[in-house]
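Understanding the architecture of this molecule
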Amino acid sequence: MKERILKIKAGIFVLANLFITCAGISSEVSKVDVPKDYSENFEVKGYEKNVYEYDLNNDGAKEKIVVNYKLNNLEIEDVYSIYTQQNGGYKLAYQITFDKKNDVFDLKEVKGKIDLVKKYFNEYSKDPQANEVRYVKIVTDNRNDDIDFSKIKYKKNGPDNLDNFLFIKRGTAMKAAPNDNAQNLASLAYKEKPKILFQIEKNGQKWYYTELTREKTEVTKDANGKKVQKKIKEPTIKGFIKSQGDNVSERGFYWDRMVEKIETFNKFIEESKNSNQELHIITEYKPLTKDVYSKADKFGNRENQSVRGYTNPDKKGDFINIPDQTIFRILGEEKGMLKIETPFYGGPYYVEKTGEVSKKIEIDKVVNKFIAVDPDSQNEVLFQRNPETGKYEVMSYSFVTTGKDDGVGSYATPHGAFLVSFTRPYMLFTRHARPGDKVLPGRPDLAIGGQANYAVRFSGGAYLHGIPVNTGAGEGAKAYTASKIGTYRESHKCVRHYDDQIEYIVNWINGNSKEKEGDNTIPEENTVVIVL
């Protein structure tokens, strides 16, 4: 124990005394209240302090860098306040943080972050205004040592090197400096996704420093005179984009958040198995066409294709909507109600004790196959846990389209953890019958509205599937729907994919399964869909 304390102290000493060679960086750290005019003896409550001098822009004048830092659960939280020479004294000009926390012993990562502080100085210091303070958050990536990117099997629809990006809704200017009057470097169009390098807040306005590499299609002829199309990458452009409400939105492939959810789920399973608690799923699949309006609960889930989870066994007070295929464990019974707990909604909750509400399932230790869906960023990642290393191998990733909520007929893709029940090679969807339609057996009010390639049922009427096409529609309609993948929520509850992407997903889920129920294939092993 004494040796570990000495190592921690040594780590802090190294991090606190090496601005030029290395230092610790905070992540998601709040602004630190430091004086606007530099003085030698100011203190920030709860933080240690070190001061350095360094010529960040090589202009012959040294800036003062005040590093306020503290140790929190073996992670360094630090804020870098940069004072520049102004009117005969040193005044606060910039305060720098990072988007990720840093292990106190990970000096290599620390050094890399400090290099970014120096690398970007000439950018975040462009066109400063009098008495202006800029608050800068440098964005790195969303990866960690638990995620293995070397095993990717299918990435045709996955962007390269795009952990954090802006989604452009309407035409937007990229500027040479974080200033409305700065030179326009480029005009960005709908659906373009520039990579975020850092963000600046100044005078209540947020700017993003980004980079974008566009592609253009070049048509040439081969030796036989046949036209050949080739994609050519244009020179990368870098510049500032102003935050403009929903016209410019922050998105990303948040690999680390997804894996954090997966690990929370598997910890829940392990605890259940170790405590001999039964694992069940909710079984509440009713046609959406018979649904009525209901309010969304605190998790955003509506009552359709769900059961109520009450906070007390008397069915009084607050309740949540627990969607079909949700995995839960049984804690016991109370007043004729099942007392349950879930991985993400917590608990305990109380649900009706009937044979139709739930079904017992078997999970051996932990789950290895996961599909993580992020509705906010309109993307999805397939993870396969390696039982030998414990790492999560990325199998594939892509943009998707998730559910748009209006409360009646169209619903947000439900949040939670759901057990995949089956896959099949097609997805039929219905609509209200019109005169002359061939109606469904037993449902004179419904007719087949169209279909999509492949289907993976994970919660009620929520499926992963390909591009939906209305009956009688042509390829143009399908291409138009496909063009909107990765933009905004638009489906009625499902998660839409490119056809080739969902084909890979279905084959990956099925594995070598030979178990059939009609056209449905039962997965070879348990696969869980996690919707953030």
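In this text, all values refer to a predicted model and were calculated from it rather than measured experimentally.

1. Describing the confidence of the model for the protein
- Residue-level pLDDT values for the protein average 89, and 93% of them are 70 or greater.
- Scored below 50 in pLDDT, residues 1-27 makes 67 contacts in the model with residues more than four places away or belonging to other chains.

2. Points about the pattern of salt bridges
- Within this structure, the stated rule accounts for 29 salt bridges.
- One salt bridge in this structure joins Lys 242 and Asp 180, with 3.1 Å as the shortest N-O distance. Taken together, the residues span a long stretch of sequence, with Lys 242 in strand 15 (residues 237-242) and Asp 180 in the loop between strand 9 (172-175) and strand 10 (184-188) at a distance of 62 residues.
- For Lys 242, a relative accessible area of 21% gives the class partly exposed.
- By relative accessible area, Asp 180 is classed as partly exposed at 46%.
- Between Arg 214 and Glu 192 there is a salt bridge whose closest N-O contact spans 2.9 Å. Here Arg 214, found in the loop between strand 12 (205-212) and strand 13 (215-221), pairs with Glu 192, found in the loop between strand 10 and strand 11 (195-202); they are 22 residues apart in sequence, far enough to count as distant.
- On the accessibility criterion, Arg 214 (24% relative accessible area) is partly exposed.

3. Some details on the nonpolar core
- Within the largest apolar cluster, 33 residues are counted, with the highest numbers of intra-cluster contacts made by Phe 265, Ile 327, Phe 370, Val 381, Phe 383, Val 528 and Ile 530.
- Looking at which element gives the most residues to this core, the answer is helix 4 (residues 255-274), with seven residues.
- Excluding residues within four positions of it along the chain, Val 381 makes contact with Phe 253, Trp 255, Met 258, Phe 370, Ile 371, Ala 372, Val 394, Ser 396 and Tyr 397.
- In this structure, Val 357, Phe 458, Ile 505 and Val 529 belong to the second largest nonpolar core, which totals 32 residues.

4. Section: the environment of Phe 98
- You can see Phe 98 is positioned in strand 4 (residues 89-98).
- Each C-alpha atom, one on Phe 98 and one on Ala 412, is 32 Å from the other, the two residues being 314 residues apart in sequence.

5. Overview of the pairing of strand 19 (residues 319-323)
- Along strand 19, four of the five residues are buried, which leaves the element largely enclosed by surrounding structure.
- Summarising the sheet, strand 18 (residues 306-310) and strand 19 pair through five bridges and their orientation is antiparallel. The residue of strand 19 that forms the bridge with Ser 306 is Pro 323.

6. Here we look at the side chain of Asp 374
- Its place among the elements puts Asp 374 in strand 24 (residues 369-374).
- Arg 257 provides the closest opposite charge to the buried, salt-bridge-free Asp 374, at an N-O distance of 5.7 Å.
- Excluding anything up to four places from it in sequence, Asp 374 contacts Gly 252, Tyr 254, Met 258, Asn 379 and Leu 532.

7. Quick notes on the sheet that holds strand 26 (residues 392-399)
- Spatially, the six strands line up as an open sheet ordered 7-26-25-24-36-27, and their pairing is mixed. The open sheet is flanked by strand 7 (147-148) and strand 27 (416-419), the only strands paired with a single partner.
- Both strand 24 and strand 25 (residues 379-385) contribute to a ladder of six bridges, which runs antiparallel. Residue pairing across strands places Ile 371 opposite Leu 382, the latter belonging to strand 25.

8. Overview of the environment of Asp 256
- Among the secondary structure elements, Asp 256 is positioned in helix 4.
- Between the C-alpha atom of Asp 256 and that of Gly 317, which follows or precedes it by 61 residues, the distance is 36 Å.
- Discounting residues that sit within four places of it in the chain, Asp 256 has contacts with Asn 142, Asn 144 and Ile 147.

9. Quick notes on unusual backbone geometry
- Omega for the peptide link from Gly 347 to Pro 348 comes to 5°, which places this bond in the cis form.
- Positionally, Pro 348 belongs in strand 22 (residues 346-352).
- The backbone phi angle of Leu 74 is positive, close to 65°, even though this residue is not glycine.
- Following the sequence through the fold, Leu 74 ends up in the loop between strand 2 (63-72) and strand 3 (75-86).
- When its relative accessible area of 27% is taken as the criterion, Leu 74 is described as partly exposed.
- Backbone geometry at Lys 335 places phi at a positive 50°, although glycine is not the residue there.
- Counting through the fold element by element, Lys 335 comes out in the loop between strand 20 (327-334) and strand 21 (337-342).

10. Describing a negative patch on the surface
- A cluster of acidic side chains, namely Asp 145, Asp 146, Glu 260 and Glu 263, defines a negative patch on the protein surface.
- In this structure, Glu 260 sits in helix 4.
- Residue classification places Glu 260 among the exposed positions, given a relative accessible area of 53%.

11. A short note on helix 6 (residues 499-510)
- A rise of 1.5 Å per residue sets the reference length of helix 6, with its twelve residues, at 16 Å; its end C-alpha atoms lie 17 Å apart and thus fit the reference within 8%.
- Burial within helix 6 is extensive, with ten of its twelve residues counted as buried.
- When we look at burial in helix 6, the residues that qualify are Asp 499, Asp 500, Gln 501, Ile 502, Tyr 504, Ile 505, Val 506, Trp 508, Ile 509 and Asn 510.
- At the C-terminal side of helix 6, Gly 511 shows a positive phi close to 60°.

The rules behind each value
- Residues numbered from 1 in each chain as written.
- Predicted model: local features only at pLDDT ≥ 70, side-chain atom pairs only at ≥ 80, totals over all residues.
- Heavy atoms only, no water.
- pLDDT = per-residue confidence, 0-100.
- Contact = heavy atoms within 4.5 Å.
- Salt bridge = Lys/Arg side-chain N within 4 Å of Asp/Glu carboxyl O.
- Helix = DSSP H or I, 4+ residues; strand = E, 2+ residues; numbered from the N terminus.
- Buried < 20%, exposed > 50% of the residue type's maximum accessible area, 1.4 Å probe, protein only.
- Core = buried A, V, L, I, M, F, W, Y, C linked by side-chain atoms within 4.5 Å.
- Pairing = 2+ DSSP bridges.
- Lys, Arg positive; Asp, Glu negative; His and termini not counted.
- Patch = residues over 30% accessible without salt bridge, like charges linked within 9 Å, V, L, I, M, F, W, Y side chains within 5 Å.
- Areas by Shrake-Rupley, 256 points an atom, 1.4 Å probe, with all protein chains shown as cover.
- Charge placed at Lys NZ, Arg CZ, Asp CG, Glu CD.
- Expected span 1.5 Å × (residues − 1).

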